[in-house]
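# Survey of secondary and tertiary structure
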Amino acid sequence: MTGDPVHDIFVIGGGINGCGIARDAAGRGYSVALAEMNDLASGTSSGSTKLIHGGLRYLEHYEFRLVREALMEREVLWHNAPHIIWPMRFVLPHHKGLRPRWLLRLGLFLYDHIGGRKLLPATRTLDLRRDPAAKPLKPLFRTAFEYSDCWVNDARLVVLNAMDAAARGVELMVRTRVTSARREGELWAVTVQSVDHPEVTRSFRARMLINAAGPWVDQVLQGTLARNDVHNVRLVQGSHIVVRAKFDDPRAFFFQNSDGRIIFAIPYEDDFTLIGTTDQDFKGDPKDIRITEGEIDYLCAAASEYFAEPVRREDIVWTYSGVRPLYDDGASKAQEATRDYVLKVERGPGTPGIGAPMLPGAPGTGAPMLNVFGGKITTYRRLAESALEKIEAELGARGPAWTATATLPGGDFPATGFEAEVARLRADYGFLDEGFGRRLVRLYGTRARMILGSARSKADLGRDFGADLTENEIRYLVTHEWARTAEDVLWRRTKHGLHLSEDQRAAVDDFMQSLPAAGTAAAE
């Protein structure tokens, strides 16, 4: 191993936390390598409700620090990535027999005032006898509250962090499994293997190891690091259903349920409504996560409590599920487990185990490891900053914190400038219709021009596989965003899987298989 390059940091996991930490560290001057065993955002990070939000319901569990931090992040992230993050108004109908009006007003007053809101509109009360938000609802709902949060394309948020990390020098490997990691004095010796080409392996050395494997964080400790009796996270399943659009209002709905839980009904991909999420403990391997029959029944019933037109099983066009790796704080119910993140540093043999905090520079200690437990997509950037404080304590400080004001790739236009950016793109490429132009800016921002290039007609973009997904766009995703399969393109980099027929999806798969190999992940 003496000839292997030495990185400051080796990150295990290509979800939002791993990519966020890698990006922040590289931007401060640390050398970083990152390995993800599947595709970027292929786990929890693409299975969220896709909100940048404070978490109104967390106020009931007194998680004021988490809610305040998350509320403050909404406008920070909106400015960082205005192409994939934008404001959304939420309508919360008052349901007699559930939370009283005064409690909802109090919660929303706190929501408006503890998070440094500047551009997002304040809460207002709606008379549902007059407001168009009532149109899809049962007539028994007379009053509602409308408040602000933000929407995010979660999988693209991960990819954009990865792109920026790579641009800052991170050696980023997808479909690359960490097969072993062991301490050799003050360094980690890490071996990785290509998932697609198992004969391809590489060795690394690093001064610090970051375990950001999400729901697999304990599995990494047990398998890769050969640790026994590890139990740090509580795996909680959250599932969503997607149905044809139930309403044409741009606002989303926040529905209370009689069991104390809540669900959202959100305009999705122009033609659909996203409904979720559930909260139930999960046992098993996170790769096997699937929505259960009980969850489908629950979501249909919960939404049908409010919508005048019931949500039926036959309305469902797609489902997805994610496993939240919540820090196990001993809560009795899944929905009560903390959504806050916990970062723990541990060192080598002869020192306290994973649950014990370590003092930097403790005598006789070996190479440090930082384990990342819990977290939510809204606070990923703050989690990364907190992780960098731990890293600096171990490796020494480099550059200052910088991500609060740094745009993500394609986001270099004003937070309120989306419409103007669409207009500029369409002015430069006269063949783009409104829908095509908006879609490109929503996914790629200013980088849409890299896809369009010198095209003077839509035909110049190559074959159209349906819904304006062209050869040029797919080639861009393969070349610049680590897309390797049709699933990567259709369900994570975009959501075209919802808009294409089975034959069209198969054609995308055939085309991608015909492309030259983008590289063997472990060897790149």
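Here the structure is shown first, and the text comes after it.
Residues numbered from 1 in each chain as written. Predicted model: local features only at pLDDT ≥ 70, side-chain atom pairs only at ≥ 80, totals over all residues. Heavy atoms only, no water.

## Here we look at a positive patch on the surface
A surface patch of like charges, here positive, comprises Lys96, Arg101, Arg105 and Arg142. For lysine 96, the location among the structural elements is in the loop between strand S4 (85-93) and helix H3 (101-113). (Patch = residues over 30% accessible without salt bridge, like charges linked within 9 Å, V, L, I, M, F, W, Y side chains within 5 Å. Areas by Shrake-Rupley, 256 points an atom, 1.4 Å probe, with all protein chains shown as cover. Salt bridge = Lys/Arg side-chain N within 4 Å of Asp/Glu carboxyl O. Lys, Arg positive; Asp, Glu negative; His and termini not counted. Charge placed at Lys NZ, Arg CZ, Asp CG, Glu CD. Helix = DSSP H or I, 4+ residues; strand = E, 2+ residues; numbered from the N terminus.)

## Notes on the packing of helix H1 (residues 16-27) against helix H4 (residues 154-167)
Across the interface, H1 lies against H4 with an axial gap of 8 Å and an inter-helix angle of 25°. With respect to H4, the axis of H1 lies roughly parallel. The handedness of the crossing between H1 and H4 comes out as left-handed. Across the interface between the two elements, Ile16, Cys19, Gly20, Ala22, Arg23 and Ala26 from H1 touch Leu157, Val158, Asn161, Ala162, Asp164 and Ala165 from H4. Tallied by class, the residues present in the contact of H1 with H4 amount to eight nonpolar, two polar and two charged. (Axes fitted to C-alpha atoms, helices over the stretch in contact; angles between N-to-C directions. Parallel < 35°, antiparallel > 145°, perpendicular 65-115°, else oblique. Left-handed = near helix turned anticlockwise from the far one by under 90°. Contact = heavy atoms within 4.5 Å. Nonpolar A, V, L, I, M, F, W, Y, C, P; charged D, E, K, R; others polar.)

## Considering the packing of H1 against helix H7 (residues 380-395)
Running from amino to carboxyl end, H1 crosses H7 at an angle of 55°, the nearest separation of the two axes being 9 Å. As far as their axial angle goes, H7 and H1 are oblique. As for the relative orientation of H1 and H7, their crossing is right-handed in sense. Of the residues in H7, those in contact with Ile16, Asn17, Gly20, Ile21, Arg23, Asp24 and Ala25 of H1 are Tyr380, Leu383, Ala384, Glu385, Ala387, Leu388 and Ile391. Within the contact of H1 with H7, the residues separate by chemical class into nine nonpolar, two polar and three charged.

## Some thoughts on the nonpolar core
Residues Ile21, Leu40, Ile85, Leu157, Ile210, Ile474 and Val508 are the most contacted members of the largest nonpolar core, which totals 83 residues. Here the element with the most residues in this core is H4; it accounts for eight residues. With residues near it in sequence (within four places) discarded, leucine 40 still touches Gly14, Cys19, Val158, Val159, Ala162, Leu172, Val174, Trp482, Arg492 and Arg493. With 28 residues, the next largest nonpolar core counts Leu51, Leu104, Tyr111 and Phe145 among its residues. (Core = buried A, V, L, I, M, F, W, Y, C linked by side-chain atoms within 4.5 Å. Buried < 20%, exposed > 50% of the residue type's maximum accessible area, 1.4 Å probe, protein only.)

Note that every value here comes from positions in space, so none of it alone points to a role or purpose.
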